[in-house]
Amino acid sequence: MAGMRGTLFWPGVWVLVLPWILNGQATGVIVGVVQDASGAGVPGANVRTVSELTGLEWTTTSAQTGHFSFPRLPVGEYRVEV
């Protein structure tokens, strides 16, 4: 009986994990730096990205160094505005 339980358990695990594995990289990330004319990072800049396909938008604020990121975005084309 114990062997049978183990045999049934593993297919159940694959049913739960397989969609996650097959999904792969369904998201991406946009990273960048907001800089002034001298090349120095601009902290606290409002940055927005807009999906060209859906029109959905995300906003963030640049860090002390001017760096920003938009993690876990759906794959697609985006416009970035500062």
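Residues numbered from 1 in each chain as written. Predicted model: local features only at pLDDT ≥ 70, side-chain atom pairs only at ≥ 80, totals over all residues. Heavy atoms only, no water.

### Section: unusual backbone geometry
If you check the backbone angles, Arg72 has positive phi at about 55 degrees while not being a glycine. With respect to the helices and strands, the residue Arg72 is situated in strand 4 (residues 67-74). Take Arg72: its relative accessible area is 67%, and that puts it in the exposed class. (Helix = DSSP H or I, 4+ residues; strand = E, 2+ residues; numbered from the N terminus. Buried < 20%, exposed > 50% of the residue type's maximum accessible area, 1.4 Å probe, protein only.)

### Quick look at the nonpolar core
With 8 residues, the main nonpolar core is built from Ile30, Val34, Ala45, Val47, Phe68, Phe70, Leu73 and Tyr78. At 3 residues, the largest contribution of residues to this core is made by strand 4. Once residues within four sequence positions are removed from consideration, Ile30 is found in contact with Thr49, Phe68, Ser69, Phe70, Leu73, Tyr78 and Val80. (Core = buried A, V, L, I, M, F, W, Y, C linked by side-chain atoms within 4.5 Å. Contact = heavy atoms within 4.5 Å.)

### Notes on the side chain of Ser62
With respect to the helices and strands, the residue Ser62 is situated in the loop between strand 3 (57-61) and strand 4. At 2.6 Å, the side chain of Ser62 forms a polar contact with the backbone oxygen of Val42. Reaching out from Ser62, the side chain makes a polar contact with the backbone nitrogen of Ala45 at a distance of 2.8 Å. Sequence-distant contacts of Ser62, that is, excluding residues within four places in its chain, are made with Val34, Val42, Pro43, Gly44, Ala45, His67 and Phe68. (Polar contact = N/O pair within 3.5 Å; in protein donor to acceptor, adjacent residues only side chain to side chain.)

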